Protein chains: 6
Amino acid sequence: MRLLVINPNTSESVTEKIAAVAREAAANGTEIECATAHRGVPYIATRAEAMIGGQMVLEILAERADNFDAAIIAAFGDPGLGGARELFDIPIVGLAEASVLMACPLGRNFSIVSFSSRLEPWFRECIAWHGLTERLASIRMLDAPVSDVAGIQAAQADLLVELAERAINEDGAEVIILAGAPLAGLSTLVRDRIAVPVVEGVAASIKVAEGLVALNPRKPTSGSFRQPIPKPATGLADALSHLIETGRLK
Amino acid sequence: MRLLVINPNTSESVTEKIAAVAREAAANGTEIECATAHRGVPYIATRAEAMIGGQMVLEILAERADNFDAAIIAAFGDPGLGGARELFDIPIVGLAEASVLMACPLGRNFSIVSFSSRLEPWFRECIAWHGLTERLASIRMLDAPVSDVAGIQAAQADLLVELAERAINEDGAEVIILAGAPLAGLSTLVRDRIAVPVVEGVAASIKVAEGLVALNPRKPTSGSFRQPIPKPATGLADALSHLIETGRLK
Amino acid sequence: MRLLVINPNTSESVTEKIAAVAREAAANGTEIECATAHRGVPYIATRAEAMIGGQMVLEILAERADNFDAAIIAAFGDPGLGGARELFDIPIVGLAEASVLMACPLGRNFSIVSFSSRLEPWFRECIAWHGLTERLASIRMLDAPVSDVAGIQAAQADLLVELAERAINEDGAEVIILAGAPLAGLSTLVRDRIAVPVVEGVAASIKVAEGLVALNPRKPTSGSFRQPIPKPATGLADALSHLIETGRLK
Amino acid sequence: MRLLVINPNTSESVTEKIAAVAREAAANGTEIECATAHRGVPYIATRAEAMIGGQMVLEILAERADNFDAAIIAAFGDPGLGGARELFDIPIVGLAEASVLMACPLGRNFSIVSFSSRLEPWFRECIAWHGLTERLASIRMLDAPVSDVAGIQAAQADLLVELAERAINEDGAEVIILAGAPLAGLSTLVRDRIAVPVVEGVAASIKVAEGLVALNPRKPTSGSFRQPIPKPATGLADALSHLIETGRLK
Amino acid sequence: MRLLVINPNTSESVTEKIAAVAREAAANGTEIECATAHRGVPYIATRAEAMIGGQMVLEILAERADNFDAAIIAAFGDPGLGGARELFDIPIVGLAEASVLMACPLGRNFSIVSFSSRLEPWFRECIAWHGLTERLASIRMLDAPVSDVAGIQAAQADLLVELAERAINEDGAEVIILAGAPLAGLSTLVRDRIAVPVVEGVAASIKVAEGLVALNPRKPTSGSFRQPIPKPATGLADALSHLIETGRLK
Amino acid sequence: MRLLVINPNTSESVTEKIAAVAREAAANGTEIECATAHRGVPYIATRAEAMIGGQMVLEILAERADNFDAAIIAAFGDPGLGGARELFDIPIVGLAEASVLMACPLGRNFSIVSFSSRLEPWFRECIAWHGLTERLASIRMLDAPVSDVAGIQAAQADLLVELAERAINEDGAEVIILAGAPLAGLSTLVRDRIAVPVVEGVAASIKVAEGLVALNPRKPTSGSFRQPIPKPATGLADALSHLIETGRLK
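Residues numbered from 1 in each chain as written. Chains lettered and ligands numbered in written order. Predicted model: local features only at pLDDT ≥ 70, side-chain atom pairs only at ≥ 80, totals over all residues.

**Q** In this structure, what is going on with the overall build of chain A? I would like to understand it.
**A** Secondary structure summary: chain A contains nine helices and eight strands in total. Taken against the 2.2 N^0.38 rule, which gives 18 Å for 250 residues, the C-alpha radius of gyration of chain A at 18 Å falls within 12% of a compact globule. Here the C-alpha coordinates of chain A stretch approximately 55 × 35 × 35 Å along the principal axes. Within chain A, the fraction of its 250 residues that count as buried is 65%. Of the contacts made within chain A by residues no fewer than 6 positions apart, 71% connect residues no fewer than 24 positions apart. (Helix = DSSP H or I, 4+ residues; strand = E, 2+ residues; numbered from the N terminus. Rg over C-alpha atoms; globule rule 2.2 N^0.38 Å. Buried ≥ 20, exposed ≤ 12 C-beta atoms within 10 Å, placed from the backbone. Contact = placed C-beta atoms within 7 Å.)

**Q** I'm lost on the pairing of strand β6 (residues 136–141) of chain D in this one. Help?
**A** Moving residue by residue along a regular strand, the side chains alternate between the two faces of the sheet. Residues and elements named next belong to chain D. By the bridge criterion, five bridges tie strand β5 (residues 110–114) to β6 in an arrangement that is parallel. By the bridge assignment, Ser 111 is partnered in β6 with Ser 138. Between the parallel pair β5 and β6, the chain is carried across by helix α5 (residues 120–129), and the sense of this crossover is right-handed. (Pairing = 2+ DSSP bridges. Right-handed = clockwise from strand over helix to strand, strands pointing away.)

**Q** Where do I start with the domain arrangement of chain A in this structure?
**A** Note on interface size: it is often stated as the accessible area lost on association of the parts. Residue and element names in this part refer to chain A. Along its sequence, chain A is organised into domain 1 (2–95 + 205–246) and domain 2 (97–200). Put simply, the middle of domain 1 and the middle of domain 2, counted by C-alpha atoms, are 22 Å apart. Contact with domain 1, which involves 26 residues of that partner, is made by 21 residues of domain 2. Listing elements by their share of the side of domain 1 that touches domain 2, those giving two or more residues are α1 (12–25), α2 (47–64), β4 (92–94) and α8 (201–215). For the side of domain 1 that touches domain 2, the per-class residue count stands at 15 nonpolar, seven polar and four charged. (Domains from an automatic or database assignment. Nonpolar A, V, L, I, M, F, W, Y, C, P; charged D, E, K, R; others polar.)

**Q** Got a minute to help me understand the sheet that holds strand β3 (residues 70–73) of chain C in this structure?
**A** Neighbouring strands of a sheet are bound in pairs by backbone hydrogen bonds; such pairs are parallel or else antiparallel. All names here are of chain C. Within the open sheet, the four strands sit side by side as β2-β1-β3-β4. Their pairing is parallel. In this open sheet, the two strands that pair with only one neighbour each are β2 (31–36) and β4 (92–94). Direction aside, neighbouring strands of the sheet carry axes that sit 20° apart on average. Pairing geometry for strand β1 (residues 2–7) and β2, over six bridges, is parallel. Its bridge partner being in β2, Leu 4 is matched across the sheet by Glu 33. Each of β3 and β4 is contacted by helix α4 (residues 95–103), which is oriented at about 75° to β4, the strand it contacts most. (Axes fitted to C-alpha atoms, helices over the stretch in contact; angles between N-to-C directions.)

**Q** Whenever I open this one, the relation of the copies chain A and chain F confuses me. Can you help?
**A** Between the two copies of this chain, the relationship is a rotation about some axis together with a displacement along it. Taken as rigid bodies, chain A and chain F are interconverted by a rotation of 180° and an axial shift of 0.0 Å, the fit giving an RMSD of 0.0 Å. Both chain copies can therefore be described as sitting about a two-fold axis. Judged by C-alpha distance, Leu 101 of chain A is the residue of chain A that lies nearest the rotation axis, at 3.0 Å. (Least-squares fit on C-alpha atoms with pLDDT ≥ 70 in both.)

**Q** Is there a simple way to explain the interface of chain A and chain F in this structure?
**A** Taken together, the contact pairs 41 residues of chain A with 41 residues of chain F. Those elements that place two or more of their residues in the side of chain A that touches chain F are α4 (95–103) and α8 of chain A. Broken down by element, the residue count for the side of chain A that touches chain F peaks at eight residues, all from α8 of chain A. Within the side of chain A that touches chain F, the residues separate by chemical class into 23 nonpolar, eight polar and ten charged.

**Q** Explain helix α6 (residues 152–171) of chain C to me, please; I cannot follow it from the model alone.
**A** Residues lying three or four places apart along an α-helix face the same way, a consequence of the helix completing one turn every 3.6 residues. Residue and element names in this part refer to chain C. In this model, α6 (20 residues) spans only 25 Å end to end at C-alpha, well below the 28 Å of a helix rising 1.5 Å per residue. The largest bend in α6 comes to about 45°, at Asp 158. When we look at burial in α6, the residues that qualify are Ile 152, Gln 153, Gln 156, Leu 160, Leu 163, Ala 164, Ala 167 and Ile 168. At its buried positions, α6 is contacted by β5 (110–114), β6 (136–141), β7 (176–178) and α7 (186–190). Of the residues trailing α6, Gly 172 is marked for its positive phi of about 75°. (Expected span 1.5 Å × (residues − 1). Bend = angle between axes of the 7 residues up to and from the residue.)

**Q** Explain the packing of helix α2 (residues 47–64) of chain C against helix α2 (residues 47–64) of chain D to me, please; I cannot follow it from the model alone.
**A** The geometry of a pair of packed helices is captured by two quantities: the angle between their axes and the separation between those axes. At a minimum axis distance of 9 Å, the contact between α2 of chain C and α2 of chain D shows a crossing angle of 130°. What the angle tells us is that α2 of chain C and α2 of chain D run oblique. Crossing geometry of α2 of chain C relative to α2 of chain D is assigned as left-handed. Along its contact with α2 of chain C, which presents Ala 48, Met 51, Ile 52, Gly 54, Gln 55 and Leu 58 of chain C, the element α2 of chain D presents Ala 48, Met 51, Ile 52, Gly 54, Gln 55 and Leu 58 of chain D. Tallied by class, residues from the contact of α2 of chain C with α2 of chain D come to eight nonpolar, four polar and no charged. (Parallel < 35°, antiparallel > 145°, perpendicular 65-115°, else oblique. Left-handed = near helix turned anticlockwise from the far one by under 90°.)

**Q** How should the packing of helix α2 (residues 47–64) of chain E against helix α9 (residues 238–246) of chain E be read in this particular structure?
**A** All names here are of chain E. Relative orientation of the contacting elements α2 and α9 amounts to 80°, with a least axis distance of 8 Å. Considered as vectors, α2 and α9 are oriented roughly perpendicular to each other. Touching Leu 58, Glu 59, Ala 62 and Glu 63 of α2 are Ala 239, Leu 240 and Leu 243, all from α9. Across the contact of α2 with α9, the residue classes tally to five nonpolar, no polar and two charged.

**Q** I'm lost on the sheet that holds strand β1 (residues 2–7) of chain E in this one. Help?
**A** Residue and element names in this part refer to chain E. Within the open sheet, the four strands sit side by side as β2-β1-β3-β4. Their pairing is parallel. Looking at strand neighbours, the two that pair on one side only are β2 (31–36) and β4 (92–94), the edges of this open sheet. On average, adjacent strands in this sheet sit at an angle of 20° to one another, irrespective of strand direction. Along the sheet face, helix α1 (residues 12–25) touches β1 and β2 and points at about 165° away from the line of β2. Sitting on the sheet, helix α4 (residues 95–103) is in contact with β3 (70–73) and β4, with an inclination near 75° to β4.

**Q** Where do I start with the confidence of the model for chain A in this structure?
**A** Keep in mind that low pLDDT regions are not for reading the predicted coordinates in detail. Put simply, chain A has an average pLDDT of 96, and 99% of its residues get 70 or more. Predicted complex metrics record ipTM = 0.97 and pTM = 0.97. (pLDDT = per-residue confidence, 0-100.)

**Q** Explain the nonpolar core to me, please; I cannot follow it from the model alone.
**A** A general tendency of soluble globular proteins is for nonpolar side chains to be buried together. By size, the foremost hydrophobic cluster in this structure holds 607 residues, and its most contacted members are Ile 176 of chain C, Ile 176 of chain D, Ile 176 of chain E together with Ile 176 of chain F. The residues touching Ile 176 of chain C, leaving out its near neighbours within four places in the chain, are Phe 110, Ser 111, Val 113, Ala 164, Ala 167, Ile 194, Val 196 and Val 198 of chain C. (Core = buried A, V, L, I, M, F, W, Y, C linked by C-beta atoms within 7 Å.)

**Q** Would you explain the arrangement of the chains in this entry?
**A** Over all C-alpha pairs, chain B and chain E never come within contact, reaching a minimum spacing of 15 Å. With respect to C-alpha atoms, chain C approaches chain F no nearer than 15 Å, and the pair has no contact.

**Q** Help me understand the environment of Pro 228 of chain F, please; the structure alone is not making it clear to me.
**A** If you trace the backbone, Pro 228 of chain F turns up in the loop between α8 (201–215) and α9 (238–246). Assessed through the 19 C-beta atoms surrounding it within 10 Å, Pro 228 of chain F is described here as partly exposed. Once you skip the residues sitting within four places of it in the chain, Pro 228 of chain F turns out to touch Ala 45, Thr 46 and Ala 48 of chain E together with Glu 86 and Leu 87 of chain F.

**Q** Mind showing me how you'd approach helix α9 (residues 238–246) of chain B here?
**A** All names here are of chain B. The complete set of buried residues in α9 reads Leu 240, Leu 243 and Ile 244. Along the axis of α9, the buried positions cluster into a sector of 95°, meaning they face one direction only. Turned more than 90 degrees off the buried face of α9, the exposed positions are Asp 238 and Thr 246. Elements that come into contact with the buried residues of α9 comprise α2 (47–64) and α3 (81–87). (Arc of directions from axis to C-beta.)

**Q** I would appreciate a short explanation of unusual backbone geometry in the present structure.
**A** Apart from glycine, the bulk of residues carry a negative phi angle, and the bulk of peptide bonds sit in the trans form. Look at Asp 78 of chain A: it is not a glycine, yet its phi comes out positive at around 55°. Among the secondary structure elements, Asp 78 of chain A is positioned in the loop between β3 (70–73) and α3 (81–87). C-beta crowding within 10 Å serves as the criterion here: with 29 such atoms nearby, Asp 78 of chain A is assigned to the buried category. A positive phi angle, close to 55°, is found at Asn 216 of chain C, a residue other than glycine.

**Q** Where do I start with the environment of Asn 216 of chain D in this structure?
**A** When you line up the elements, Asn 216 of chain D lands in the loop between α8 (201–215) and α9 (238–246). Each C-alpha atom of the pair Asn 216 of chain D and Asp 69 of chain D lies 9.6 Å from the other, and the pair is 147 residues apart in sequence.

Following this line, the structure appears as structure tokens:
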């Protein structure tokens, strides 16, 4: 099984973090390949940036999807997820989506903990889009400056653990999700310092993707994720243009 | 007062329809200018296409926003609306948003009627994003072939009226929204053939935009629509890049 | 265009405040006339008082509606709004309704700030009736004594600004509505002291009413706001009795 | 125990129907007295008429509440219920409210069946006000002409039973409420012709009122139903005026 | 009328408390009999224990239901309520259910106050099952050690009153429910120390059960509470086995 | 990794079906063991039967949990799931839960299709308990006689496919779940006859359980699934009694 893990941010250092956790989580026989956005911003934090990152996801998939059994959009907030499910035949998994789906059997609700309050609206709208707001206890955010996104995990670990405890004690959180690709791998390190299960999102994404591939679902020919009707496309990246115009990968 | 009306589709013929209705609806002293996407598809019908159209909206606004008092995103589905509100200081109005806001005082709920069932998921997610699903009676769609998007209004008027009557009689709709920019102007033509008020979306957008400009709201320095933190941007259109990197229009 | 602005309270001094803001907000060519309830209480604060004020709205409209293009019920809480929409052919706008509709494009949610905790249940039920609770961040209330309702704005301005800031910082409010007709005009004065947009409700009502008149909606012959079936009426004000018994204005 | 049953309609013949069922349902030692509105309409069917009937409820209670242990508003739709709870110290029960509360332990949801589609919006808003929409399966209405409101029960019984069966089979209703005071007593007659429990609303009201009196609840001094602050009142019925101005019954 | 009050806990001392309040609340002519679980735990506090207690309710009812007009499950959380309604023909009332139904006409919402935070998830899921979460203001819990469940009422009365006041002041509670059978009778003692109505759950259960018996509802032959299809049963208590296998009481 | 798959029904033939699909789905290195309830009914269809089956799940787990890394409750409706998560340290997965979690990334909603309308209330309450009703398009049920539960799959396959197509075309379902352990394995057989992805629930359960084990979550010491407080237990199965009384497996 081959999984494509897409970082919709331009930061290669974050891609490396993701890749390490993804390979650690992968089952025997699962090959992981990673891709990094070559346009956009180093870390998505707003709706505007998510729109740009989401389009990059579509472009990367248009170029590479046919070599993979499933793909993972490795930014919490799942940019481009809906559109990718329309255009491509393989299962597509969002990092936020997989995190919350795997959190569900571990507690009656979950809190999302991350490093910047700027991310909160995007995360909240993502959970709402997934129809899972009923399971969301709270979103708790640091207000750390984000000058070094790759170093944020080491710098903020203690504060994030503290914030997780507040989510547990004040918001009744029963599972903690340390959200955001720059925090990949942190869950394992702090597991024993937090009173409830902590979901490692990248690992969760790999397991959900592996599970979906095992279920061997067909591409729908009905419903909102069936293939769009081909139509003219102007000024888009080559492979994406071809896909929109023909309904087929190049 | 100067309003910028943005068609996120590439079809100039649709822009012309929109412009005609917009100018008709504008108050004395309101100037209307229109812009058409130069990249993307002729009519957005899916989440993937909306993501592309939404990025065009951001690019066009980055180039032109400083000459206007407010802007209108003239595609039902409001592509790019959230991101635009973050990046720009002027009020931004979505065509779907304005339609439903003006529908609210005219009935306890509304139905959306349009020409292609392909649009339904995008429209439904748009209404949910606005937090107005509680007022949505139903979405009813023709399954007309959309080969000639500009001609669809003339070709389908009777079927759309019929569909509106079914929304009224079977779904209890108290207001009808004939949705989609290609239907601009149709509401007025069929007003007397439908038993409840019909909202002309482009006209509603102009009135909501004029109203917001009159209220003279400040750009928030708190909350999810405050200016994003400047950050590096790679490979984007020039004016948008400048805005993301500096927080200022070029 | 002629708009009738109805104060369902008996306090003429509040009507004057409303009138001043309404005239300031009106477009060229919009004429504003005001009416004050001659029965009831000086300021409505409870469900019981709203029921009395709502009946006054129906009586005033029965007498005067045929000279106007639209009417505004200028008490936050919108007393009599549903009934008025049944009985009359012109658009009827509620002060609360217009405030929240114009707040929607300015932030993902809004908080209502006002001068007396007694008002909270009535306001909350009003927002629920409009189906807009999903957009309501919080209601924050002073507990000021209300001996001089017309003077409350000057006396409490600083405390209201402070309360607005708490709504922003503690409840995540992205728009502030300074609610209640006695606060008419305050929004403009404090605009620059509050970190998010502040909606002036009376001005919003005028703009929504003007917008609806421009849309030229028909009186529905289907749905919950179609004309009621004529029936005998006993002991009611003359014009209202005539309307209920005949379905026509006198 | 003394219960006051208020018919907010002006039709004495309906009051008699209500009285008969109420007395039949009352426990030993429960005395029933009835009152009929002397202003308003013979049968309330709209929001406007409910507002008028609701004010009559307040007037009647202001005159007579001090001789009773509890009161029942005997029109489905519960006109004036919220206001009455503010102004009076005794428990006040709505006919719709009692019907749905007693329906809850008899099935996982209920349908409301009645004689005129005109009543549907008012009934639906009533259930929403009570926060019980989650338990509402459907509202099913005849479109019978309502020339003789007292005779409607005899004339429409068979059609109402048929409609109840459709609610059961098509909407999954597990309890039927034959709604509206003119149908008082019908539930007992058709009990064995309907596949699920049928709630007799007037009887339910008596049992809920008796239960509340037995629980001996205090008048709240906190919350939305505490006594309103006294304030001047102009042009209202004498006893109601006195109550609003002094906070005390005359 | 004969009512069976079932304590699904094994603590006879709690049954006695319940019995005393139940007899006090019963109308003339209502006979109360009580039953105590002979298997299970002394006080149910978790979902696992509720499942065990619920099965005991089914067993006790299978043995004794045919001598009674209605039954009450006298543990807040209503263990076994859904299953009991399927299997038996008489009305079955839950202690939590009756408490909240009688709380509804006394305030726009209610808070549940009890002695152990361990109970909170069970109580919350119970209210959600009843579809009444919209009326729930909060659940407030002591963290008292529960070594002597029968003595808990005397020991904790003051702290519970204090907690009730916090629910009123901080959560906006308009009715208080002192939840849990070990608190039976406490409501009456503290009634005057709490600013809003306090519902005595056992008394409420008796009044709801009496009311339902008076309404004389039929056993449904449609819907989710109709009699299950008989099927083989292995290893269950004798009377319950017989009922499942034949659809009839022994 | 060792997984315990528990059939809470007494039908060994169904256990065999489940076991076959589970072993097919398991990854290399995953060992599957199955257990069948020795008390209860051959197929659970009601809330009462689910309560009995749920207690069996607790008993079986109390005896065997310490030899396994995770357990699966292999009846759609997830009997005993909440209680099991309290009492045991390993991840517990419900068949319904896993089915819907894996359905989520495959479509914006799902429909549940099964063989008996008797199951509908139980399934619906299960989905509500999981907080996933927002994603549920519909539940569609045959009304097949269930004399031979093991043979039902072969007998009803065509009708179930037809029902799935109705869910897709009339309810807008984007994923189909063929629900109920007796249908284990059917999804694979009919995959190509249904226009949207079909989730095989037993396979989904194995993949979710494997994923959870890989995430290595801790037993919470906070929240609703922490270990209950030990307390006396009377008359229960030996191992379950020991667990409740000591908080430890025997």
